[in-house]
Every structure is written in C-alpha cells, then in structure tokens.
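An overview of the molecular structure
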Amino acid sequence: MSAFLTIEGLNVSLSGVLPILRSVDLAVHAGEVRGLVGESGAGKSMIGKAILGTLPRALRIESGRILLDGEDLQRMRPRDRRRLIGAKAALIPQDPLTALNPARRIGPQITDRLVDILGWRRRAALSRALELLDEVRITDPERVMRAYPHELSGGMRQRILIASAFAAEPRLIVADEPTTALDVTVQKQILRLIRDMQARHGTALLFVTHDLGVVSKICQTLTVLYGGLVLEDTTIEEFFAAPGHPYSAALLGATPKYTDPHGSLTPVPQSVIDAANAQLDAFDRARRQ
Amino acid sequence: MPILKRLLLRLVTTFVTLFGVAVIVFVVIRVVPGNPIAMMLPPGAGEDDILRLKALYGLDKSIPEQFLIWLGGVLQGDFGTSITTRQPVLELVLSRLPATLELSVMALIIAVVAGGILALTGTRLRGGRVEAGIDVANGMALSVPDFLWGLVLILLFGVLWPVFQISGRVSPNIDLPFSTRFYLFESVLRLRFDIWADLVSHMFMPALALAIPLAAIIAQLLKQSLKETMHLDYVTLARTKGYGENHVIIREALPNAILPTLTLVGVQFTFLIGGTVIIERLFSYEGLGNMAINAVINRDLPLIQGIVILFALIFTMVNLLVDLTYAALNPRLRRG
Ligand SMILES: Nc1ncnc2c1ncn2[C@@H]1O[C@H](COP(=O)(O)OP(=O)(O)OP(=O)(O)O)[C@@H](O)[C@H]1O
Ligand SMILES: [Mg+2]
C-alpha cells in the first residue's frame, strides 16, 4: 500500500550552508499515527513545516521529494500546492495562546478554510463548525463562535484549534507538541481528545513530541531524529522492546517509566552523543563527495 | 465601564490642559517685548493717547487682573475682541477653522493612504529591492521638514511644471454659493465639482507637503509592525489552511499590526496640525495658521490667545479620537 505522505531524501539547509534536515525519509500511511521524536533542535518542527509549506524563508529545500496523496509538492505551482495542503492536511499547533488571531472572532477562524479554500457555502461551514465544537466537547458552541480568543482559556483554545484542524476532514494532521504549552491536568484531556478524534475520523497523524510516554500511548510507528538525521524508523512495539539505535536506547533510559514515574533516570551518555555526532559528520562527508 | 471612565478622565485632563495653556500663553505674550498699542498709534500721538488706548483694551491693569477679566469673558463665550480688526475673536477664529481642518484632514488622508500602500507593498516584497527602495524613500521623506517639502513642491509643480495653484484657498473669480466654510466638503455635497477641482488644485500642494513626513512615518511603523506580525503563529496557521501571501498580510496581520501604529499616528497628526502654521503661510492659504502669524506680527493679544486655545482644543480632541478608535479596533477593549 502506498503511503498518504512520503518524504524521500529531503535535504533542507540554512541558506545552503548549514544542514538542518539530512536526507530524511519518512512515510505516513492513511490512518497511521506516527511519532516524531528527538531532542530540541533536532528538526522535528522543520519536517512538519516542510510538509505544510511553512518553512522559514531562510531555510531552503536542497533536494528530495515530498509526496502528499501522490502529488509531488515541489513540482506544483505555489497556489495549487497551498490549496492541496489546505484541503488534505492540517496543523494542530503547539501554543494555543498564540495560534488564534486575537483580532478575529473564533467562528470565522474555523470556517474560513471551508469557505475560501474548499468553496463550501457559508451556512454549511457554520453548521460544520458548530458540530465540531460540540465534538471537541465545548459547551455553548454558539457563544464560543462569537467570542474573541482572549475571552477563552488555553484548554478551550486548544480544543478549538483541534476542531479547526479536523474541519475539512484532512487525511493528515501534523500535531507539533500540541500539549506542551498546557497545564498538566489539561494535557491529558487534550491528548485523549486528539486520539479519539483521530480514531473517529481515521485521519493519519504525525505527532511531534519529546515525550516517549506520550508516544507509547498514542503512536503506532515512530521516527527518531537527531541533528536532522533519521536514526531509526520503527514500530512502537519494536522500539520499546528493543530500540534499534544506541541513541534511541539512551533516550528511552532518559524517560520516566510509566510503571515507575519516580525511578532513577540516566541522562543520554556523552559517548552516545559523540557517536551520533560522528554519524552526522560521516553523513555530511559522504554527501560532499 | 472602563471606556466611560476613560472619557471622563479625558474630559477633566482636557480642562486642566486648556487652563494651563491659557495661563502660559497669556503671561508669555504680555511679557515679551513689543506691545500692540505702539503698533496702532498714529504718528505724533501723546502720552495720554497711549493711556486711553491701554484702558480701552484693558491693558492698564495687572496681568492677573487682566487674566481674570479674560477668563470671566471666556466662561460666557466671549474671547474678547481682535485689536487689529475689532471683530470678536471667536467669530474670526471660527471663520478660519474650517480651512485648516480641511487642509489637515486632506493631508492625513494622503498620508494614511500613501503610508499604508507603501507599508503593505514593502511587507509583500520584503527582503528585496522594492523594500530597500521604500526604506530609502522613507529616510529621505523624514530628513526633510514639511515646509521644505512645500518649497520643493512649489518649485516642481508651481514653477517648473505649473499644474497646481501655489497661493490661496480658492480662485478669487469663483463664486462660492455655500452656507458653511467647509468649502471642499460642501462642494462635494452640492455636486459642484468645478469648485471642488479648483479647491483641490489649491490645497493639493500644501496638503502633500504636510503629508510627506507623516506618510513616511506611517510606512515605516506599519511595515515594521506588519513584518513582526508575519512571524506569529496565527499567520503560519493561516498559511497551512491554503491562504497566500496577500490574504495573510491583509486579513491576518494588518488588523493586529495597525494598533501600535495608530497611537503614534495620533501624536504625529497633532504635529502635522502644528505644521499648518508655516505651510499656510508659505502657500498664502487662508487658515488659522496664517491668521496666527498675522496676529503675532500685529501683537493682537486677544486673537493670539484665542487661536492658541483653539489649537490646544484640537490637539486634545485628536487624542480623544485616537483613543476611541483604538478601543473600537481592539477586541480586548471592546468588551468588558
Ligand atoms: N527561522 C529559522 N531560521 C534559521 N534556522 C532555524 C529557524 N528555525 C529553526 N531553525 C533551526 O532549525 C533547526 C531545527 O529546528 P526545529 O524547530 O525543527 O527543532 P525541533 O526539533 O522542533 O526542536 P524543539 O523540540 O525545540 O521544538 C534548529 O537547529 C534551529 O536552530
Ligand atoms: Mg519544535
């Protein structure tokens, strides 16, 4: 079965000088929930941004392909690419406090894509939005639709952003650390909500996180990233049974165990980091030749 | 109701400001050298003529006494009588106010439209030659004050390529069948576009001279603010929905980027109104500013006093208007 999203040999650099993503291969099949883990700065968010067409201006795609539903994004006209992404993919952002436009009411921020990009009638989009707000368990959706973001709590806003991401029935959702900005108590609810929505709608999910505990709860497959290089691409069962890379194993050791949250943790040993860095150097050298 | 409270507070500060301005101006114009009596004396007038004239205009009393008399009149709507024209100050000042308001508002509109277009274009084409060009033009516009722009414009469009009128508010041969002195406004209402065209051809250069520096400030501030906003998460989210650059700039970034610009534009607009004094002189435009300079030359104390108070009142009104607009545009202030 061919994947809904396929990334092949994606190289992204900072102005052609500094490699940010190193020949990344990654596939997400329809309905699959894939975790994308790695330490801060590994390039997780940049993979999401490359898929959704929002890479910062300073970053350049050097080579490689991104296929979304079989279409090579790099070969499309910009306007068609944007519209394809808007129709088939969506983002659940990290920080609900900054991801809604403070000057616009909630309603139009959910319905705009349906009306402007997908050509729905306004009334249909409106009832779809109400339905979704209900689905993410927001009480009094009609009031919320008329509200401005500052009138709502962070948890409410994240629910709205989730509803908005599912609005166009996308086939793929990129969730970039969707719970890290929230209170611990709210985190669990939001995580469960994303999982339930994903299951109900059968949407593929690329879930970016540093939290292996979260990964174990919602993901089926996993990509481990270090310095923009994919170290491991595996299933959850295999990963937790026998991590395929020393860095993955060390990462696992550095994560609190679900069964023993207060157990002792070993930070990733320097030797493992040195080995991973050596792998990056080897990659860069091979590429230069 | 914070809006109501703000308004009330503003009303109080307005009165305090106006009172302060009145006191300062009253004292200053009476202690600086040069007095109005000397200027109106016929040759060969004697000491007693001077005393009689001083008594006539109330200048024989002490300054605090004079002030109290003046204030008493003002509270009854009487701002005194002009020494040079012997007409009531209020009447004189109100007859010139529309000309200056029309000029200032015209300049403001030019500045906002030009500055806004430059800011949007610069943001759309940021990082390229066009933005660099806009920055250079802004720098030039800001390094030259409005009256020098006035001279440049007179040279360009009055002398070298005479397409606009360089003097006055309206051609003398034109009949003005109007009931107010807001000629420009009324010519539109009455569909007299012949008169409108004549007014515009007089007003365009002074308005442009006043507008150029303000347009540059708006362009610079708004562009800066837009560019910062373009990095924010909600703009990125809108892009993932399928929206292109133009849409994202105008619908997502602009409504937020306008707010910080607005406050500063309010302050700058009061500077622009101050600038009308010299610009009106330069273009012999019959407004308040021109009248103010004549009043100073003639040491027409009551008239100077009246004009300054009116300018102060306009400034506070502009600030009030900016506050209200800010509140209307900012959802965080609109409710609760
Ligand atoms: N706008 C930008 N300009 C230049 N470099 C950038 C920019 N944004 C990110 N980078 C670089 O790209 C690399 C990958 O960043 P990315 O945000 O993808 O990391 P991440 O894995 O998401 O980390 P985190 O867990 O902290 O979110 C980093 O080295 C970062 O410095
Ligand atoms: Mg990130």
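Cut-off values and rules
Residues numbered from 1 in each chain as written. Chains lettered and ligands numbered in written order. Predicted model: local features only at pLDDT ≥ 70, side-chain atom pairs only at ≥ 80, totals over all residues. Heavy atoms only, no water. pLDDT = per-residue confidence, 0-100. Domains from an automatic or database assignment. Helix = DSSP H or I, 4+ residues; strand = E, 2+ residues; numbered from the N terminus. Polar contact = N/O pair within 3.5 Å; in protein donor to acceptor, adjacent residues only side chain to side chain. Patch = residues over 30% accessible without salt bridge, like charges linked within 9 Å, V, L, I, M, F, W, Y side chains within 5 Å. Areas by Shrake-Rupley, 256 points an atom, 1.4 Å probe, with all protein chains shown as cover. Salt bridge = Lys/Arg side-chain N within 4 Å of Asp/Glu carboxyl O. Buried < 20%, exposed > 50% of the residue type's maximum accessible area, 1.4 Å probe, protein only. Contact = heavy atoms within 4.5 Å. Buried area = accessible area lost by both parts, 1.4 Å probe. Nonpolar A, V, L, I, M, F, W, Y, C, P; charged D, E, K, R; others polar. Axes fitted to C-alpha atoms, helices over the stretch in contact; angles between N-to-C directions. Parallel < 35°, antiparallel > 145°, perpendicular 65-115°, else oblique. Left-handed = near helix turned anticlockwise from the far one by under 90°. Near = heavy atom within 4 Å.

The predicted model of chain B has a mean per-residue pLDDT of 91, with 99% of residues at 70 or higher. Here the complex is predicted with pTM 0.89, and the ipTM for its interfaces comes to 0.92.

Where interface size is given, it is often the accessible area lost as the parts come together that is meant. Its domain assignment divides chain B into domain 1 (3–75) and domain 2 (91–297). The C-alpha-based centres of domain 1 of chain B and domain 2 of chain B are spaced at 35 Å.

Let us look at the side chain of T209(A). With respect to the secondary-structure elements, T209(A) resides in the loop between β8 (204–208) and α8 (212–218). At a separation of 2.8 Å, a polar atom in the side chain of T209(A) contacts the main-chain amide nitrogen of D211(A).

Next up on the list: unusual backbone geometry. A positive phi angle, close to 45°, is found at S23(A), a residue other than glycine. Examined against the element boundaries, S23(A) turns out to sit in strand β2 (residues 18–28). The phi angle at L191(B) is positive, at roughly 55°, despite the residue not being glycine. With respect to the element layout, L191(B) can be found in the loop between α8 (183–189) and α9 (193–229).

Looking now at a nonpolar patch on the surface. Residues and elements named next belong to chain B. A cluster of nonpolar residues, I24, V27, V28, V31 and V32, forms a patch on the protein surface that exposes about 400 Å² of accessible area. The residue V32 is located in the loop between α1 (2–31) and α2 (36–40) in this model. Relative accessible area serves as the criterion here: at 36%, V32 is assigned to the partly exposed category.

Between chain B and chain A, the residue contacts involve 21 residues of the former and 30 residues of the latter. Carbon and sulfur atoms supply 51% of the area that chain B and chain A bury against each other, a total of about 2,300 Å² over both sides. At the junction of chain B with chain A, the criterion picks out five salt bridges. With a closest N to O distance of 4.0 Å, E245(B) and R57(A) form a salt bridge. The tally of links between chain B and chain A comes to 11 residue pairs in polar contact (both at pLDDT 80 or more). Broken down by secondary-structure element, the contributors of at least two residues to the side of chain B that touches chain A are α10 (233–240), α11 (245–282) and α14 (331–334) of chain B. For the side of chain B that touches chain A, the class distribution of residues is five nonpolar, six polar and 10 charged.

Our focus in this paragraph is the packing of helix α4 (residues 122–135) of chain A against helix α6 (residues 154–166) of chain A. Geometrically, a packed helix pair is captured by the angle between its two axes and the distance between the axes. Residues and elements named next belong to chain A. One way to put it is that α4 packs onto α6 with a least axis distance of 9 Å and a crossing angle of 130°. By the angle class used here, α4 and α6 are oblique. Along this stretch, α4 crosses α6, giving a crossing that reads as right-handed. Mapping the contact onto sequence places R128, L132 and L133 in α4 and I160, A163 and F166 in α6.

All names here are of chain A. Counted under the stated rule, the structure contains 29 salt bridges over all chains. Two residues, E8 and R65, come together in a salt bridge whose shortest N-O distance is 3.0 Å. Taken as a pair, E8 in strand β1 (residues 5–14) and R65 in strand β4 (residues 59–68) lie far apart in primary sequence, 57 residues in all. Looking at R65, the relative accessible area reads 37%, which means it is partly exposed. One salt bridge in this structure joins R22 and D284, with 2.7 Å as the shortest N-O distance. With R22 in strand β2 and D284 in helix α11 (residues 270–288), this pair connects stretches of sequence that are 262 residues apart. A relative accessible area of 15% means that D284 is categorised as buried.

Here we take up the side chain of R128(A). Residue and element names in this part refer to chain A. Within the secondary structure, R128 sits in helix α4. Within the structure, the side chain of R128 is placed 3.2 Å from the backbone oxygen of F166, a separation counted as a polar contact. Polar contacts involving the side chain of R128 include one to the main-chain carbonyl oxygen of A167, which spans 2.9 Å.

Our focus in this paragraph is the site of ligand 1. Residues and elements named next belong to chain A. Contacts to ligand 1 come from 14 residues, most closely from S40, G41, K44, S45 and M46. A distance of 2.7 Å separates an oxygen atom of ligand 1 from a polar side-chain atom of S45. M46 places a main-chain nitrogen or oxygen 3.0 Å from an oxygen atom of ligand 1. In isolation ligand 1 has 630 Å² of accessible area, and contact with the protein removes 65% of it.

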